[in-house]
Amino acid sequence: MYTPGPQTVPVPQAPVVQEVPQPQEKPKTSGKSKGGDVGSFIQQCISLCSYLKELETQSHLIHLNYEGGNFLGVHAFLKDQYEAHLEQFDTLAEFIRSMDYLMPMCGMGLADASPGIQRVTSYKGTEQLGVYYKNLEELGMKAKKLEPIAQKVGAIDIANYLADLTGQAFKAAWQIKATLRNN
């Protein structure tokens, strides 16, 4: 008859806890990387996110309030625009998070980062579109100016996205400009 020898029971090992650094709540303007000020760059990215969120709201409200002979086309265009602005906001915010920085905690915090946007002050369709057109051009210029800073701090993924965002903004601005010329 076979009798097994003493069996060894493995003793569970305590898991090795590795400390994970916490993300930075506020960009520090002293951190430099590859010749650029990363904290300042992140702050500018957050400001651009705030601008995108404002454009999302603005284009959505114009979408709802616009009236005119070209209503159907403008209505459909603006729906695409506010959906695009939400995606643009989300993409840029995720790039910020990928650099281990936090976004503001609420809409008020995001609004505090806002560089200011031209406000719609009339329900007249052409005036609403005119304001939105100017804000799109401003978006294009902001993204265009931020792209070389992204290159300087070594954030080539963000630089590439900012180049795409510049193109998207100027294309949408051109489409609105062409629409306004016929009214």
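Scroll up to find the structure this text is about.
Residues numbered from 1 in each chain as written. Predicted model: local features only at pLDDT ≥ 70, side-chain atom pairs only at ≥ 80, totals over all residues. Heavy atoms only, no water.

J.: How would you sum up the side chain of S122? Please name residues and give values.
T.: You can see S122 is positioned in the loop between α3 (107-112) and α4 (125-152). Within the local environment of S122, its side chain forms a polar contact with the backbone nitrogen of K124, the two atoms lying 3.0 Å apart. Among the polar contacts made by the side chain of S122, one reaches the side chain of E127 at a distance of 3.0 Å. In contact with S122, other than residues within four places in its own chain, are E127 and Q128. (Helix = DSSP H or I, 4+ residues; strand = E, 2+ residues; numbered from the N terminus. Polar contact = N/O pair within 3.5 Å; in protein donor to acceptor, adjacent residues only side chain to side chain. Contact = heavy atoms within 4.5 Å.)

J.: Would you mind going over helix α5 (residues 156-181) in detail, with residue names and values included?
T.: Here α5 is 26 residues long and its end C-alpha atoms lie 38 Å apart, about the 38 Å a rise of 1.5 Å per residue gives. Buried within α5 we find I158, A159, Y161, L162, L165, T166, A169, A172, A173 and I176. In this structure, the buried side of α5 is in contact with α1 (38-65), α2 (71-98) and α4. (Expected span 1.5 Å × (residues − 1). Buried < 20%, exposed > 50% of the residue type's maximum accessible area, 1.4 Å probe, protein only.)

J.: Can you explain α1? Please cite residues and give values.
T.: Counted at 1.5 Å a residue, the expected span for α1 with its 28 residues is 40 Å, and the 40 Å between its end C-alpha atoms agrees. By the N-cap criterion, in which a side-chain oxygen at the helix start approaches the backbone nitrogen of a residue two or three places on, α1 is capped by D37, the distance to G39 being 3.4 Å.

J.: Mind laying out the packing of α1 against α2, listing which residues take part and the relevant values?
T.: It is the contact of α1 with α2, at a shortest axis distance of 8 Å, that shows an interaxial angle of 160 degrees. The orientation of α1 relative to α2 falls into the category roughly antiparallel. In this structure, α1 crosses over α2, and the sense of that crossing is left-handed. Within the contact of α1 with α2, the residues separate by chemical class into 15 nonpolar, seven polar and three charged. (Axes fitted to C-alpha atoms, helices over the stretch in contact; angles between N-to-C directions. Parallel < 35°, antiparallel > 145°, perpendicular 65-115°, else oblique. Left-handed = near helix turned anticlockwise from the far one by under 90°. Nonpolar A, V, L, I, M, F, W, Y, C, P; charged D, E, K, R; others polar.)

J.: Residues and numbers for the nonpolar core, please.
T.: Of all hydrophobic cores here, the largest spans 44 residues; its most connected members are F41, L139 and I158. Ranked by the residues each element gives to this core, the list is headed by α1, at eleven residues. Apart from residues no more than four positions distant in its own chain, I158 is found in contact with F41, C45, L92, F95, M99 and A150. (Core = buried A, V, L, I, M, F, W, Y, C linked by side-chain atoms within 4.5 Å.)

J.: Describe in detail the packing of aromatic side chains, supporting the description with residues and values.
T.: Remark: the centre distance and the inter-plane angle together describe each pair of aromatic rings, the angle taken between the planes. Counted under the stated rule, the structure contains one aromatic pair. Between the aromatic rings of F95 and Y161, the centroid separation amounts to 5.8 Å while the plane-to-plane angle is 45 degrees, which identifies the pairing as tilted. One end of the pair, F95, is in helix α2; the other, Y161, is in helix α5, and 66 residues separate them in sequence. When the ring centre of F89 is taken as reference, the NZ or CZ atom of K53 above it lies at 4.9 Å. Taking NZ or CZ as reference, K142 lies 5.2 Å from the ring centre of Y51, over its face. (Phe/Tyr/Trp six-rings, centres within 6.5 Å; stacked < 30°, edge-to-face > 60°. Lys NZ or Arg CZ within 6 Å of the ring centre and 35° of its normal.)

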